[in-house]
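Read off the chains here:
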Amino acid sequence: MKSFVEMFFQSNLKAVDENYLKSRTLRSSWTSTLHLIFFGVGIVITGEFAAWNAGLSYGWSSLVVATIMVNIYYWCLLLCLAELSSALPFSGGSLTFITATMGNIFGYILGLVVLMQNVLAYSQSSILVSNFYIRLIHLSLEQTVYWKYILNFLVIFISSIIAIDLKVFHRVITILTVIAVLEIVFIFCAMIPVFSKGDFLFNTGLLNTDSFLPDGVMGVLNCMPFAIWFFVGIESLPNLAEEAKDPATSLPKAMLGGYAILTLSVLLVLMMVGCNPGSSTLQSSIDPLSDIIFSNYDIIPRSLIGILIQFFFSFAHHASTVGFTIGTIRIMYALSRGGYFPTFLSITHQGGDVDSYGYGSPLYAIIASGAGAYCMIILSFLLGETILGSFLLYGCAFYSLVAAIFVFISYTLLKVRSPHLERHFNLSDDWKSILVPILGLILGGIAISGFFTSNPNNTIVFYILIAQFVISFIYYIFVVRHRLVLSAEQKFIKLRIAKLREETLKKHHDEQVKVRLDSKSRNADQSAVGKPAKSMLDSYQQRSKRASVLQ
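What counts as what
- Residues numbered from 1 in each chain as written.
- Predicted model: local features only at pLDDT ≥ 70, side-chain atom pairs only at ≥ 80, totals over all residues.
- Heavy atoms only, no water.
- Helix = DSSP H or I, 4+ residues; strand = E, 2+ residues; numbered from the N terminus.
- Buried < 20%, exposed > 50% of the residue type's maximum accessible area, 1.4 Å probe, protein only.
- Areas by Shrake-Rupley, 256 points an atom, 1.4 Å probe, with all protein chains shown as cover.
- Phe/Tyr/Trp six-rings, centres within 6.5 Å; stacked < 30°, edge-to-face > 60°.
- Lys NZ or Arg CZ within 6 Å of the ring centre and 35° of its normal.
- Salt bridge = Lys/Arg side-chain N within 4 Å of Asp/Glu carboxyl O.
- Contact = heavy atoms within 4.5 Å.
- Axes fitted to C-alpha atoms, helices over the stretch in contact; angles between N-to-C directions.
- Parallel < 35°, antiparallel > 145°, perpendicular 65-115°, else oblique.
- Left-handed = near helix turned anticlockwise from the far one by under 90°.
- Nonpolar A, V, L, I, M, F, W, Y, C, P; charged D, E, K, R; others polar.
- Core = buried A, V, L, I, M, F, W, Y, C linked by side-chain atoms within 4.5 Å.
- Disulfide = S-S within 2.5 Å.
- Expected span 1.5 Å × (residues − 1).
- Polar contact = N/O pair within 3.5 Å; in protein donor to acceptor, adjacent residues only side chain to side chain.
- pLDDT = per-residue confidence, 0-100.

**Student:** Break down the overall build of the protein for me, with residues and values.
**Tutor:** Along the backbone of the protein there are 20 helices and 0 strands. The buried share of the protein, taken over its 551 residues, is 52%. Counting every atom, the protein has about 24900 Å² of accessible surface; 67% of that belongs to carbon and sulfur.

What follows is the structure, given as structure tokens:
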């Protein structure tokens, strides 16, 4: 009779033929390390141009401290991801890592969390792009109601077209990202002539306060959700593993190199808050970097130069929209190829015809991801500033934190269970490497608490996440686990990691047996030595007793 665990949790992976894998092959070994760096920066760069500035309402200094904490948290996350991706270079990214260490059920549940994170970020980036064009065209309120639906549809449609061809995608996001980063450097250089220490202290709010943190620890906590926007999205880099040249070495380089660029960009952005119009005005700005330029050089937003500045600044939002398009598509592709989703979503070409249009791109997944993001956009417009509307605004960052918690756990489990698994990037071979995910877990927990202190309505995000967990769990038990297939990553997990785990357990068992045998041998030796000594002692005592009697 089957046990409870076997009946409800065990999944039998179905074997698939060679054609199944061939028809779901991505364009491998094309993406260079430089392309990966620009993708990692581009998918995040919109966070340097918008969203973060709402945290200024709690004080510039509080936002700076929160950003430092989030920056350290992301360094911990990327170091763990760099090692995991060098050991498990598959397009599933976090889905693969969690499946390898915690099983298919956790892989499915957390795979949906990562997918939701990317869909929400995809939709929010599209809204930022469409809002720019609405302001640029200067539409009336009645016209905006209709045009926002049309413009968002066009943004998602164009991003999906770009995602079909990997070469076109990387060229587009590289150009957009380079322009966006140069814009940040240009604005910072333009602010140097108008910078003064007095203005900096006044504009950042440090001049009229007795404390560096006006709201204390609570101010820092409240800023954490906004500081996350500076970096959220770069954890999607491992999803391009199967398309990268030598992913075991290029992915770690891209993650750490791209994050170094983002860290420098964030530093420049926070310094520019000290220029006019100051944090009190920028905290409610839709386009804070443009307002800094306009305020210091008396540029009218509706003038030709003002429109051109806003147009070029919109490239950052375009870059992130295109980046999250690929992030959403790749995680959906991985879920489909493994059997978690309908398998037709992962088809990259038909009947083994490698020259067919769209080879290397899962066209059905592209359509499905675009449709999902557009549905989220419609919900956002319909719900507006409601309690549920805050889920659409804050959900991306919150879901990324939840997924990261399980990445830290996966890293620790893989380090302990499979220490001999080949890793081209390795933090350390001893216990010290475990300190990195522990620090990440602590900072991640602090960031999550900041979501609830900054806005009580954010509790709806937590309730939706719990509901998603429960529904996913039930659906997996009764449906998904019967559909899983032996995909490329599942083969690696089953054959390589399982074998290494068995070897590690066997080695540990043999060492314990050896210790027990050595202990028994030492005890036997001590017993053998002790018997003659005991007989000599008895003989001596008997002679002493007879001598005393004679006396």
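**Student:** Any chance you could break down the packing of aromatic side chains for me, citing the residues and the numbers?
**Tutor:** Throughout the structure, instances matching the rule amount to 29 aromatic pairs. Seen in terms of ring centroids, F153 and Y374 are 5.9 Å apart; in terms of plane orientation they differ by 75 degrees. Their pairing is edge-to-face. On the criterion of sequence distance, the pair formed by F153 in helix α8 (residues 141-164) and Y374 in helix α16 (residues 363-383) is long-range, its members being 221 residues apart. Connected via pairs of aromatic rings, a cluster forms that spans W52, Y73, Y74, W75, F230, F231, Y259 and F408. Between R24 and the ring centre of Y20, over which it is positioned, the NZ or CZ distance is 3.9 Å. Cation over ring: K148 sits above F381, and NZ or CZ is 4.5 Å from the ring centre.

**Student:** Any chance you could break down the pattern of salt bridges for me, citing the residues and the numbers?
**Tutor:** Summed over the entire model, instances satisfying the criterion amount to 4 salt bridges. The closest approach of N and O atoms between K415 and E83, which form a salt bridge, is 2.6 Å. With K415 in helix α17 (residues 389-417) and E83 in helix α5 (residues 60-87), this residue pair connects regions lying 332 residues apart in the sequence. Residue classification places K415 among the buried residues on the basis of a relative accessible area of 11%. Given the relative accessible area of 1%, E83 is considered buried. In this structure, R330 engages E243 in a salt bridge whose closest nitrogen and oxygen atoms are separated by 2.6 Å. Remark: E243 occurs in the loop between α11 (216-227) and α12 (247-272) and R330 occurs in helix α15 (residues 304-337); sequence separation between them is 87 residues. Linked through salt bridges whose partners overlap, the residues forming this network are E83, K415 and R423.

**Student:** Which residues make up the environment of P238, and what values do they have?
**Tutor:** You can see P238 is positioned in the loop between α11 and α12. The class of P238 is buried, set by a relative accessible area of 2%. Placed 142 residues apart in sequence, P238 and T96 show a C-alpha to C-alpha distance of 9.9 Å. In this view, P238 contacts L81, S85, F90, S91, G93, F97, L251 and M255; residues no more than four positions away in its chain are not counted.

**Student:** Outline the packing of helix α3 (residues 33-42) against α12, supporting the account with residue identities and numerical values.
**Tutor:** Direction vectors running N to C along α3 and α12 enclose 45 degrees, while the axes themselves pass 8 Å from each other. The angle between α3 and α12 falls in the class oblique. The hand of the α3/α12 crossing is right-handed. Taken together, the residues of α12 that come into contact with α3 (itself represented by T33, L36, I37, G40 and V41) are S250, L251, K253, A254, G258, I261 and L262. Of the residues assigned to the contact of α3 with α12, the class counts are 7 nonpolar, 4 polar and 1 charged.

**Student:** Quick one: what's the story with α3, residue by residue and with numbers?
**Tutor:** Among the 10 residues of α3, 7 are classified as buried, and the element is accordingly described as predominantly covered. The set of residues buried in α3 consists of L36, I37, F38, F39, G40, V41 and G42. Its buried side turned inward, α3 meets α9 (166-191), α12 and α15.

**Student:** I'd like a rundown of the nonpolar core, residues and numbers included.
**Tutor:** Within soluble globular proteins, side chains that are nonpolar tend to cluster in buried spots. In this structure, I45, Y74, I228 and L289 are the most contacted members of the largest nonpolar core, which totals 147 residues. The leading source of residues in this core is α17, at 16 residues.

**Student:** Before we move on, could you go through the state of the cysteines and cite the residues and values that matter?
**Tutor:** One pass over the structure, following the stated rule, counts 0 disulfides. Free cysteine C80: the closest other cysteine sulfur is in C76, separated by 7.0 Å. Residue C80 is classed as buried on the basis of its relative accessible area of 0%.

**Student:** Mind laying out α9, listing which residues take part and the relevant values?
**Tutor:** For α9, built from 26 residues, the straight-helix expectation of 38 Å at 1.5 Å per residue is met to within 8% by its first-to-last C-alpha distance of 38 Å. For α9, the capping residue at the N-terminal end is D165, with a side-chain oxygen 3.0 Å from the backbone nitrogen of K167.

**Student:** Now, about unusual backbone geometry: what can you tell me, with residues and values included?
**Tutor:** Of note, the amide linkage connecting N276 to P277 takes the cis form, showing an omega dihedral of 10 degrees. Turning to its location among the elements, P277 is positioned in the loop between α12 and α13 (279-282). Although it is not a glycine, A51 adopts a positive phi angle of roughly 80 degrees. Residue placement: A51 occurs in the loop between α4 (46-49) and α5. For A51, a relative accessible area of 31% corresponds to the partly exposed category. At D298, a residue that is not glycine, the phi angle is positive and equals roughly 50 degrees.

**Student:** Outline the side chain of T348, listing residues and values.
**Tutor:** As for its placement among the helices and strands, T348 is situated in the loop between α15 and α16. A distance of 2.9 Å separates a polar side-chain atom of T348 from the backbone oxygen of T25.

**Student:** How would you summarise the confidence of the model for the protein if you had to cite specific residues and measurements?
**Tutor:** When pLDDT is averaged along the protein, the result is 83; 84% of the residues meet or exceed 70. In the model, residues 1-7 has pLDDT below 50 throughout and makes 5 contacts with residues more than four positions away in sequence or in other chains.

**Student:** Give me the lowdown on the packing of α5 against helix α18 (residues 435-454), citing residues and values where you can.
**Tutor:** Orientation of α5 relative to α18, taken along the N-to-C sense of each, is 140 degrees, at an axis distance of 9 Å. For the element pair α5 / α18, the angle class is oblique. Remark: the crossing between α5 and α18 carries left-handed chirality. Between α5 and α18, the contacting residues are M69, I72, Y73, C76, L79 and C80 on the first element and V436, P437, L439, G440, L443, G444 and I446 on the second. Residues belonging to the contact of α5 with α18 are distributed by class as follows: 11 nonpolar, 2 polar and no charged.

**Student:** Tell me about the side chain of E183, and please be specific about residues and values.
**Tutor:** Note that E183 resides in helix α9. Sequence-distant contacts of E183, that is, excluding residues within four places in its chain, are made with F49, F312 and F313.

**Student:** Tell me about the environment of S320, and please be specific about residues and values.
**Tutor:** Secondary-structure assignment places S320 in helix α15. In this structure S320 touches G42, I43, V44, I45, T46 and S125, once residues within four positions along its chain are discounted. Side-chain polar atoms of S320 contact the backbone oxygen of I43, separated by 3.3 Å.

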